[in-house]
Structures are given as C-alpha cells and as structure tokens.
Amino acid sequence: MSAADGIEQALKGFNPRLPLAVAFSGGADSTALVLACQQRWPGQVAAIHVHHGLQAAADDFAQFCRRLCTEHDVPLEVVHCQARHARGQSPEDAARKARYRALTAGAHALTARLQRPVASIALAQHADDQVETLLLALSRGAGLPGLAAMPGHWQRDGFDWYRPFLQVPGQALREWLAARGQSWMEDPTNADLAYTRNRIRHQVLPALQAVFPMFRTTFARSSQHAAQAQALLQEVAQQDAQHSGLPPRIAALQQLSPARQANLLRYWLNAMHGVTPSAAQLRELQRQLAACTTRGHAIDLKVADGHVKRQGAHLLWLK
Ligand SMILES: Nc1ncnc2c1ncn2[C@@H]1O[C@H](COP(=O)(O)OP(=O)(O)OP(=O)(O)O)[C@@H](O)[C@H]1O
C-alpha cells in the first residue's frame, strides 16, 4: 500500500465532530495531520501549538507552525506553557500532562476567537508510537491498561480526542510529506539514544520488522483485544462497586473471588484517587483483608503518597 493510500484509508475511518483542532508540534507526523485534515475538511480545521520552552529550539518550532498555517489558511493558536514536575514525576510525564492542559486551553481560545465551538482535538501519534508504547508497557510488566496502549478515541473536558494515525507507519507519513515537497521540523532529541523510547525506535523496531513484517498490524490488534478486555473489567468493577459501595465495605470485598477483589480495589484506588497500586501492594492488601476477621483488626498499607486503612466497616485511602 502506498503512503498516500495508507493515509487516505486512515482518514476514511476518521469522522470527527467538526470543527477540529489539530495538536501541531511542527514534527513530521502532526504536519501531515494538519495538511491531510485541511485537505479533507477545508475551513473546518484549526491548529494548536504548545510552546513549552523545554528546548532552545522551541521558538523555531512555533515559527514553523505559524508559517505553515498561514500558507494553508489554518487558524493557529499558540499556547505557552511551562511544565513543573512534582517530586517522583519524570520531566517527560510532567511535560505531557502540561501539554494536554495547554491543548484544552488552546481549544477554548480557538472557540472564542472563531466564534464556533471546537468539538474535537486530534493528535498525530502513529503505528510506530503505538508499538513503542506497548513495548514500554511490556518492559514494565504492565497489566491490561498498559497493554491496551493508546486509545484512538476518548472524551475529556468536553472535547472528543482522536488519534487517527494509529494504523499508519511513521515512514508513510514522511514519504507522504516528501512527495508533496513539504518540510517539517526535526526534534533533535529524537535521535538521542539515551532515551529508551528512541532506542526502541532505532534499534528494536527494525529488528522486529525483519522477523515479523506485519508486527505493527498484529501488535495493534493485541492492544485492541487488551483494551476490550479492560473495558469489560471496568464494567465488572462498576457492578461490584454497586454492591460494596465506594469506598468499599470490607465485608463485601471479602465475599468476592480474589480476582474480582483485586479488580475492584484497583478500580476504587484509580477512579477515586488516581492511584495505581503495584501487583505486590495489591497482594499485600488482599492478605491483610483475608486476615481481617475480627472487628477491631487494623489494615494499613502505604500506596503512593497515602495509606489504605480500615475505618470501621470500610477501607479508606488517606493522604
Ligand atoms: N508542542 C506541541 N504542540 C502541539 N501538539 C503537540 C506538541 N508536541 C506534541 N504534540 C502532539 O502530540 C503528539 C504526540 O507527541 P510526540 O511528542 O510523540 O510527537 P512529536 O514527535 O513531538 O511530533 P510529531 O508527532 O508532530 O512528529 C504529536 O503528534 C502532536 O499531535
């Protein structure tokens, strides 16, 4: 399949609510996304660039985005943001979270400026990014949420968010741009092999390609299976939570099978407190729950920056 066919096919299955704002970094992938969307929905596409001064070259990226958007008549909102990372959080993670907040602010600013509510935001991660995310998850021993890798569509803060290129190899996007004589900005850190993600991209993916030529498609299928199974587990947890309440009643938790108990504990801590317990912490919590037969029996386990404790008939997570 040619690069153009791959992109056309990806966009065929992409039917966002319009107007759409593309998260535009100036890199190859989002340059291709801006141009492909503007070609398909002229006049309905805007762009947001997050200027987060992490690198000295940040001004050049913003300048590139301004020029391309002017040339193609795409309204652009540049949002400045400075990521501060909390203790225990990686700078990349802090930058990613700050970028999502900035994209949301950018979409609101575009809505006010265009006097038409932006309905959707599209990101340009592609099939290679998806495989890298999956391999990183496997290397951490992640559970189903990690193996599901990145979703192609979700809703948040009143917007529909999309990743329409998840099935398109990165090389196809570059070929598509090159065929139109369109340049892009190269992030100098992408070649830095000090980052695990870059070692995966430059060393692991070519080796995988040689052994499993279809790995992008088949790995993506596995991620979809994991995402489906994860959605089912969420439903089971929600049903169990109706019976146990949230925070959960100890007696109700004790009636569940070990797998459902772990699933509900994970769900409770994550949905209500944004905390993901490790497998070892869950095992310890379940051990304390099983030992908790008498009314006065204490439960106390440190999870993230808080403690899971018994309070009367319930478990509580306290900071
Ligand atoms: N500074 C930014 N401003 C706006 N959107 C961004 C920015 N950085 C990244 N994004 C969006 O998030 C997606 C994933 O980010 P990532 O850092 O993996 O991509 P990138 O390599 O910087 O850029 P590209 O995907 O454009 O080549 C990008 O495809 C783009 O849609």
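It should be noted that the structure appears before, not after, this text.
These figures come from a predicted structure and were not determined experimentally. (Residues numbered from 1 in each chain as written. Predicted model: local features only at pLDDT ≥ 70, side-chain atom pairs only at ≥ 80, totals over all residues. Heavy atoms only, no water.)

Draft legend 1. Highlighting the sheet that holds strand 7 (residues 300-303). The strand order across the open sheet built from three strands is 7-8-9, with neighbouring strands paired in antiparallel fashion. Unpaired on one side and paired on the other, strand 7 and strand 9 (314-318) mark the two borders of the sheet. Across the sheet, the mean angle separating the axes of adjacent strands is 25 degrees when strand polarity is ignored. Relative to strand 8 (residues 306-311), strand 7 runs antiparallel, the two sharing four bridges. Across the sheet, the residue bridging to Val-303 is Gly-306, located in strand 8. Along the sheet, helix 11 (residues 258-273) makes contact with strand 8 and strand 9, crossing strand 9 at roughly 45 degrees. Sheet strands in contact with helix 12 (residues 279-291) are strand 7 and strand 8, and its direction is about 165 degrees off that of strand 7. (Pairing = 2+ DSSP bridges. Helix = DSSP H or I, 4+ residues; strand = E, 2+ residues; numbered from the N terminus. Axes fitted to C-alpha atoms, helices over the stretch in contact; angles between N-to-C directions. Contact = heavy atoms within 4.5 Å.)

Draft legend 2. Structural view of the pattern of salt bridges. Evaluated as defined, the whole model comprises 12 salt bridges. Its salt-bridge partner being Arg-197, residue Glu-132 comes within 3.1 Å of it at the nearest N-O pair. With Glu-132 in helix 5 (residues 127-139) and Arg-197 in helix 8 (residues 196-211), this residue pair connects regions lying 65 residues apart in the sequence. A residue is classified by how much of its surface remains accessible, and Glu-132, at 0% relative accessible area, is buried. Of the residues examined, Arg-197 reaches a relative accessible area of 30% and is grouped as partly exposed. Where Asp-305 meets Lys-319, a salt bridge forms, and the shortest distance between an N and an O atom there is 3.1 Å. Here Asp-305, found in the loop between strand 7 and strand 8, pairs with Lys-319, found in the segment after strand 9; they are 14 residues apart in sequence, far enough to count as distant. (Salt bridge = Lys/Arg side-chain N within 4 Å of Asp/Glu carboxyl O. Buried < 20%, exposed > 50% of the residue type's maximum accessible area, 1.4 Å probe, protein only.)

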